[in-house]
Amino acid sequence: MTTTAENQKKAAEPLVRLTDAGKNYGSVIALADVSLEVSGGEVTCVLGDNGAGKSTLIKIIAGLHGPSTGTYEVDGAPVHFSSPRDALERGIATVYQDLAVVPLMPVWRNFFLGNEKRKGPRMDIAFMKKTCKRELLDMGIDLRDVDQPIGTLSGGERQCVAIARAVHFGAKVLILDEPTAALGVKQAGVVLKYIIQARERGLGVIFITHNPHHAYPVGDRFLLLNRGKSIGYYAKEQVTLEELTGLMAGGSELAQLSHELESAGGAAAEAAQELEDDVSELGISRQPPTPGGS
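Everything numeric in this text was worked out from a predicted model, so none of it was measured. (Residues numbered from 1 in each chain as written. Predicted model: local features only at pLDDT ≥ 70, side-chain atom pairs only at ≥ 80, totals over all residues. Heavy atoms only, no water.)

Novice: Summarise helix α5 (residues 125–138); cite the residues concerned and give the values.
Specialist: Taking 1.5 Å of rise per residue, the 14 residues of α5 would be expected to cover 20 Å, and the 20 Å separating its terminal C-alpha atoms lies within 8% of that figure. Those residues of α5 that are buried lie in contact with α4 (107–111), β8 (122–123) and α6 (155–168). G140 occupies a position one or two residues after α5 and carries a positive phi of about 85 degrees. (Helix = DSSP H or I, 4+ residues; strand = E, 2+ residues; numbered from the N terminus. Expected span 1.5 Å × (residues − 1). Contact = heavy atoms within 4.5 Å.)

Next comes the structure, spelled out in structure tokens:
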């Protein structure tokens, strides 16, 4: 029987914690010494350009691969997942960019795909339709008809169906893989609204993105990756949007490029001056405080 103190300690533990996690594929170091925490009712944003290590980090947390180094804890206890199914059983669900939906199937059918509710030998279609409609309404998604093919929905709406499905099937931690990458401004805003809804329902959300303008409004913590290494881990009060954008842009790399253009002279030197102006405008020269998540 657990005591009140034990329950309080468990509640204070992050839902997910990685400490100095790394992943090697043979001699290739895909990820090195990365730490993050995700608590309930909190959004942790993982930012980085292509090749930064975001996909490798997703695979570790989702249970597809174990870390080569470091530790992985769920609810304060070390875990060693052998498959994404193991992670799902512990309440860690991943919504990938391609969503894994069947475009010609109805919304309700996609919602229960692989987890169909049965009444005897037949599927309980009435129950699944009613449940799907209710769960989507709880997330603020009011569809006219859950019988419509999911392929007729907008990209943002499809993302939100996938989020609601994960929540319904017991997700405590939601990993969102670039959910706004292929969306326009309006649809990206729709997805960000549902990320906030998930946070308000007490879920821990890991929001993978390369866009600081999408991350900053909804994020509580920000982990920045570059070439498989952490270049910063900040609580929201420790970093501004301008500083976050500057870190993403890569201040030292842009400064080196500006120097090379300037030395070439002519039109290249003019381009260097414009680049320096952009660097100044982004605030890249102003470094945020020492990284820390607390």
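From this point, things continue past the structure.
Novice: Run through the pattern of salt bridges, naming residues and quoting values.
Specialist: On inspection of all chains with the given rule, the structure shows 11 salt bridges. Ionic pairing is found between R17 and E13, a salt bridge with its closest N-O pair at 3.5 Å. A residue is classified by how much of its surface remains accessible, and E13, at 21% relative accessible area, is partly exposed. Here K133 and D142 are joined by a salt bridge, their closest N and O atoms 3.6 Å apart. We classify K133 as partly exposed; its relative accessible area is 27%. (Salt bridge = Lys/Arg side-chain N within 4 Å of Asp/Glu carboxyl O. Buried < 20%, exposed > 50% of the residue type's maximum accessible area, 1.4 Å probe, protein only.)

Novice: So what's going on with helix α2 (residues 54–61)? Which residues, and what values?
Specialist: Burial of α2 is extensive: six of the eight residues sit out of reach of the surface. Looking at α2, one finds that the buried residues are K54, T56, L57, I58, I60 and I61. Remark: G63 follows α2 within two positions and exhibits a positive phi of approximately 90 degrees.

Novice: Tell me about the packing of α6 against helix α7 (residues 185–200), and please be specific about residues and values.
Specialist: It is the contact of α6 with α7, at a shortest axis distance of 8 Å, that shows an interaxial angle of 20 degrees. In terms of axis orientation, α6 runs roughly parallel to α7. Considering the relative orientation of α6 and α7, their crossing is right-handed. Of α7, the residues touching α6 (which contributes G156, E157, Q159 and C160) are Q187, V190, V191 and Y194. A class-by-class count of the residues in the contact of α6 with α7 yields four nonpolar, three polar and one charged. (Axes fitted to C-alpha atoms, helices over the stretch in contact; angles between N-to-C directions. Parallel < 35°, antiparallel > 145°, perpendicular 65-115°, else oblique. Left-handed = near helix turned anticlockwise from the far one by under 90°. Nonpolar A, V, L, I, M, F, W, Y, C, P; charged D, E, K, R; others polar.)

Novice: Provide a residue-level description of the packing of aromatic side chains, including the pertinent values.
Specialist: Applying the stated rule across the entire model yields five aromatic pairs. Pairing Y72 with F81 gives two aromatic rings, centres 5.6 Å apart and planes at 90 degrees, and the pair type is edge-to-face. One exposure class covers both Y72 and F81, and it is buried. Measuring from centroid to centroid gives 5.5 Å for Y216 and F222, while their planes differ by 10 degrees, and the two rings are stacked. (Phe/Tyr/Trp six-rings, centres within 6.5 Å; stacked < 30°, edge-to-face > 60°.)

Novice: Break down the packing of α5 against α6 for me, with residues and values.
Specialist: Viewed as axis vectors pointing N to C, α5 and α6 meet at an angle of 105 degrees, and their least axial separation amounts to 9 Å. Relative to α6, the element α5 lies roughly perpendicular. Residues T131, E135 and L136 of α5 pack against V161, A164 and H168 of α6. Split by residue class, the contact of α5 with α6 holds three nonpolar, two polar and one charged.

Novice: Residue-level account of unusual backbone geometry, with values.
Specialist: The phi torsion at D20 lies on the positive side, around 50 degrees, for a residue other than glycine. By relative accessible area, D20 is classed as partly exposed at 39%. The phi torsion at E178 lies on the positive side, around 45 degrees, for a residue other than glycine.

Novice: Give me the nonpolar core: which residues, what numbers.
Specialist: With 46 residues, the main nonpolar core has V107, C132, L136, L174, I195 and F222 as its most contacted residues. Of the residues forming this core, the biggest block, seven residues, is contributed by α6. When residues no more than four places from it in sequence are discounted, the contact partners of F222 are C45, L47, A215, Y216, G232, Y233, Y234, K236, V239 and L244. The next biggest cluster of nonpolar side chains, apart from the first, holds 28 residues, and it includes V38, V74, I208 and L225. (Core = buried A, V, L, I, M, F, W, Y, C linked by side-chain atoms within 4.5 Å.)

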